[in-house]
Amino acid sequence: MKIGLVGFPGSGKTTVFNALTGLAAETGYGATRGKTNLGVVKVPDPRVDALSDLFDPKKKTYAEITFSDVAAAAGGGGSARGLDRTVLSAMREVESLCQVARAFVDPSEGGAADPLREVADLDAEMILSDLELVEKRLDRLKKEKGKPREIEALTQLKAHLDGEKPLRSLEMSEDDWAIFSGYRFLTQKPLLIVLNVDEGKVAEPPPAAIADHAHARGLGLVVLSAKVEQDIAQMPPADQKDFIGALGLSEPARDRFIRAAFALLNLISFLTAGPDECRAWPIRRGSTAHRAAGKIHSDIERGFIRAEVMRVEDLLALKTEAKVREQGKLRLEGKEYIVADGDVINFRFNV
Ligand SMILES: Nc1nc2c(ncn2[C@@H]2O[C@H](COP(=O)(O)OP(=O)(O)O)[C@@H](O)[C@H]2O)c(=O)[nH]1
Ligand SMILES: [Mg+2]
């Protein structure tokens, strides 16, 4: 599960990266040019905490997401608009994208911010890049006079992109999309916008123009101040709460942001709980119990007998699995059961 931080130089990508990971990668123009920062982030999950309070396990494990912060290659020019090839190909590698847009005042960038323009510019660049890919492939296939089905589908993609719309919003059959599974189109990837605002504006709602754009394009939107979040991440935990309260927030934006990113990836978590480990396991929404078993170990998938499923609320309220069972709230499910977020699962399997 990998999310790429993208955006124009000086928008605050590396600062966001530091806030998320608690690392201290170098910020500022050109500081990290050509270098990619990679960091693993734990997804905050109060259910794992509550289960751990109950079981006092040896180990407590959260779901994880990897963030990458890709800087433009050397010689790309300080605050030049436009994405170079390194950045574009790095963007194709990740599953989801998160654009940081500058909404804070930065004197060295001429002061005023225009986040809507940054968002629209990147949107246009990604559409253009996908269009280039489609046209190249289309030309080749037409010359070779092969694969009429692919030509037809590509023509559909081209018309959509020519209309300046992201592929995310194109309705096409699963079978047709399957033709393009190797293409890694940028405008097909889920995209989360981070509006990086001034310190004093973290508790304000986003401007309507940005909210409307995000809604129309099917994007996620989170408002935060990367600088504030970076400061919080570096503070002793005891001081964090007062500081966050003084800003008018109830939790660090970091937690909100990570949860939004997790949801954007269409992930849910099932849980396992016991004296050895309490753990959240990320899995795609709609996955079967059989698939979930394979997440833990291929042996459990292979020897799958059944899944014993409880709701986390029930286990937390009744305290023990025996009580949950007694109250008839422990279900036995087969391979095809669709796992729900917050299911606590115990797999029975043959070795
Ligand atoms: N005032 C303010 N400055 C910020 C904020 N986020 C980033 N910056 C500053 O903007 C500059 C560029 O940030 P950086 O994270 O390096 O941007 P990148 O080029 O997108 O990686 C740095 O000097 C940061 O300290 C913010 O929320 N508020
Ligand atoms: Mg940077």
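The rules behind these values
- Residues numbered from 1 in each chain as written.
- Chains lettered and ligands numbered in written order.
- Predicted model: local features only at pLDDT ≥ 70, side-chain atom pairs only at ≥ 80, totals over all residues.
- Heavy atoms only, no water.
- Axes fitted to C-alpha atoms, helices over the stretch in contact; angles between N-to-C directions.
- Helix = DSSP H or I, 4+ residues; strand = E, 2+ residues; numbered from the N terminus.
- Parallel < 35°, antiparallel > 145°, perpendicular 65-115°, else oblique.
- Contact = heavy atoms within 4.5 Å.
- Near = heavy atom within 4 Å.
- Polar contact = N/O pair within 3.5 Å; in protein donor to acceptor, adjacent residues only side chain to side chain.
- Areas by Shrake-Rupley, 256 points an atom, 1.4 Å probe, with all protein chains shown as cover.
- Nonpolar A, V, L, I, M, F, W, Y, C, P; charged D, E, K, R; others polar.
- Salt bridge = Lys/Arg side-chain N within 4 Å of Asp/Glu carboxyl O.
- Buried < 20%, exposed > 50% of the residue type's maximum accessible area, 1.4 Å probe, protein only.
- Core = buried A, V, L, I, M, F, W, Y, C linked by side-chain atoms within 4.5 Å.
- Pairing = 2+ DSSP bridges.
- Phe/Tyr/Trp six-rings, centres within 6.5 Å; stacked < 30°, edge-to-face > 60°.
- Lys NZ or Arg CZ within 6 Å of the ring centre and 35° of its normal.

Caption draft 1: Spatial organisation of the packing of helix α1 (residues 13-21) against helix α10 (residues 253-264). Where α1 meets α10, the closest approach of the two axes is 10 Å, and the angle between their N-to-C directions is 95°. Here α1 is positioned roughly perpendicular relative to α10, judged by the angle of their axes. Residue-level contacts link Val-16, Ala-19 and Leu-20 of α1 to Arg-254, Phe-257 and Ile-258 of α10.

Caption draft 2: Local environment of the site of ligand 1. The full set close to ligand 1 counts 17 residues, and Gly-10, Lys-13, Thr-14, Thr-15 and Gly-28 are the nearest of them. The side chain of Thr-14 places a nitrogen or oxygen atom 2.8 Å from an oxygen atom of ligand 1. Note that an oxygen atom of ligand 1 is positioned 2.9 Å from one of the side-chain N or O atoms of Asn-196. In the complex, 85% of the free accessible area of ligand 1, which totals 580 Å², lies under the protein chains. Elements that contribute at least two residues to the shell around ligand 1 include exactly α1 and α8 (226-233). Per element, the largest residue contribution to the shell around ligand 1 is 3 residues, and it comes from α1. Its residues placed into classes, the shell around ligand 1 shows 5 nonpolar, 9 polar and 3 charged.

Caption draft 3: Structural context of the pattern of salt bridges. Scanning the entire structure with this criterion turns up 27 salt bridges. A salt bridge links Lys-60 to Asp-49; the nearest nitrogen and oxygen atoms lie 3.1 Å apart. With Lys-60 in strand β3 (residues 59-61) and Asp-49 in helix α2 (residues 46-55), this residue pair connects regions lying 11 residues apart in the sequence. Taking the relative accessible area as the measure of exposure, Lys-60 reaches 42% and is therefore partly exposed. One salt bridge in this structure joins Asp-176 and Arg-149, with 3.0 Å as the shortest N-O distance. Highlighted residues: Asp-176 in helix α6 (residues 174-179) and Arg-149 in helix α5 (residues 148-162), separated in sequence by 27 residues. Where salt bridges share partners, they join Arg-306, Glu-308, Glu-321, Arg-325 and Arg-348 into one cluster.

Caption draft 4: Layout of helix α9 (residues 237-246). Within α9, only 1 of the 10 residues are buried, which leaves the element largely exposed. Residue Gly-248 follows α9 closely and has a positive phi angle near 85°.

Caption draft 5: Molecular detail of unusual backbone geometry. Backbone geometry at Arg-184 places phi at a positive 55°, although glycine is not the residue there. As for its position among the elements, Arg-184 is in the loop between α6 and β6 (191-196). On the accessibility criterion, Arg-184 (40% relative accessible area) is partly exposed.

Caption draft 6: Region of interest: the environment of Ser-108. Mapped onto the elements, Ser-108 comes out in the loop between β5 (96-102) and α4 (115-144). Ser-108 sits in the exposed class, given a relative accessible area of 53%. Through-space distance from the C-alpha of Ser-108 to that of Ala-307 is 58 Å; in sequence the pair is 199 residues apart.

Caption draft 7: Quick peek at the nonpolar core. Counting residues in hydrophobic clusters, the biggest one holds 37 residues, and the most contacted among them are Val-16, Ile-65, Phe-67, Leu-224 and Phe-257. With 5 residues, α10 is the single largest residue contributor to this core. Once residues lying within four places of it in the same chain are set aside, the contact partners of Ile-65 are Met-1, Ile-3, Gly-39, Val-40, Val-41, Val-43, Ile-258, Ala-261, Phe-262 and Leu-265.

Caption draft 8: Quick look at the sheet that holds β5. The sheet built from 6 strands is open, its strands ordered β2-β4-β1-β5-β6-β7 with mixed pairing. Every other strand in the sheet has two partners, leaving β2 (36-42) and β7 (220-224) as the edge strands with one partner each. Averaged over all pairs of adjacent strands, the angle between strand axes in this sheet comes to 25°, irrespective of strand direction. Pairing of β6 with β7, which is carried by 5 bridges, proceeds in the parallel orientation.

Caption draft 9: Inspection of the packing of aromatic side chains at higher detail. On inspection of all chains with the given rule, the structure shows 8 aromatic pairs. A centroid spacing of 6.2 Å and a plane angle of 85° characterise the contact between Phe-270 and Phe-347, whose relative ring orientation is edge-to-face. One end of the pair, Phe-270, is in strand β8 (residues 267-272); the other, Phe-347, is in strand β12 (residues 343-349), and 77 residues separate them in sequence. For Phe-347, a relative accessible area of 7% gives the class buried. Three or more aromatic residues joined by ring pairs make a cluster, and in this case those are Trp-177, Phe-180, Tyr-183 and Phe-185. Directly above the aromatic system of Phe-104 lies the positively charged group of Arg-102, at a separation of 5.8 Å from the ring centroid. Above the ring of Trp-281, the side-chain terminus of Arg-279 is found at 3.8 Å from the ring centroid.

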